[in-house]
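Here are the chains, one letter per residue:
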Amino acid sequence: MSNFTVPSAVTDRLERLGARVRTARLRRGWTVSALAQKAGINRNTLSAIEHGKLGTSISSLVSVLWVLGLDDGLETIADPDRDLHGKALEASRRPERARSAASGDYDF
């Protein structure tokens, strides 16, 4: 067991996400049992997702979002093309110019 403390920003996001899942479920008039069954998970797992509990599996969350029809936004999560910080770091490590070929060393 590690002594890692989860940052409050992470727990806050999980709680907000769980509340949105719960709202979507209620708008559809589904019980916890009904959504859990449709997603192929147990009621306790769905309840943990809706309460923003740490330790629920990403596959369970994605299954729930898929059943609710709310999984489209997942395509943008960790998209390398949207990672501006990572792209800037990568660019900073590239050589400024290409090396010139050694004298007389031509590749035709």
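Up top you'll find the structure we're talking about.
Caption draft 1: Summary view of the overall build of the protein chain. Each helix and strand counted, the protein chain has five helices and zero strands in total. For the protein chain, the N- to C-terminal ordering of α and β elements is α-α-α-α-α. The proportion of buried residues among the 108 residues of the protein chain is 18%. Counting contacts in the protein chain only where the partners sit at least 6 residues apart, residues at least 24 apart contribute 52% of the total. For the protein chain, the exposed surface amounts to about 8,900 Å²; the carbon and sulfur share of it is 51%.

Caption draft 2: Representation of the environment of W30 in the model. Take W30: it is sitting in the loop between α1 (8–27) and α2 (32–39). On the basis of relative accessible area, W30 is assigned to the partly exposed category, the value being 23%. The residues touching W30, leaving out its near neighbours within four places in the chain, are R25, L35, K38, V67 and L68.

Caption draft 3: Quick look at the pattern of salt bridges. Counted under the stated rule, the structure contains two salt bridges. Here E90 ties to R94 by a salt bridge, and the two come within 3.4 Å at their closest N and O atoms.

Caption draft 4: Inspection of the packing of α1 against helix α4 (residues 58–68) at higher detail. Remark: α1 packs on α4, axes separated minimally by 11 Å, with the N-to-C direction vectors making an angle of 35 degrees. Viewed along their axes, α1 and α4 form a crossing whose handedness is left-handed. Mapping the contact onto sequence places L17, V21, A24 and R25 in α1 and L61, V64, L65 and L68 in α4. Across the contact of α1 with α4, the residue classes break down as seven nonpolar, no polar and one charged.

Procedures and definitions
Residues numbered from 1 in each chain as written. Predicted model: local features only at pLDDT ≥ 70, side-chain atom pairs only at ≥ 80, totals over all residues. Heavy atoms only, no water. Helix = DSSP H or I, 4+ residues; strand = E, 2+ residues; numbered from the N terminus. Buried < 20%, exposed > 50% of the residue type's maximum accessible area, 1.4 Å probe, protein only. Contact = heavy atoms within 4.5 Å. Areas by Shrake-Rupley, 256 points an atom, 1.4 Å probe, with all protein chains shown as cover. Salt bridge = Lys/Arg side-chain N within 4 Å of Asp/Glu carboxyl O. Axes fitted to C-alpha atoms, helices over the stretch in contact; angles between N-to-C directions. Left-handed = near helix turned anticlockwise from the far one by under 90°. Nonpolar A, V, L, I, M, F, W, Y, C, P; charged D, E, K, R; others polar.

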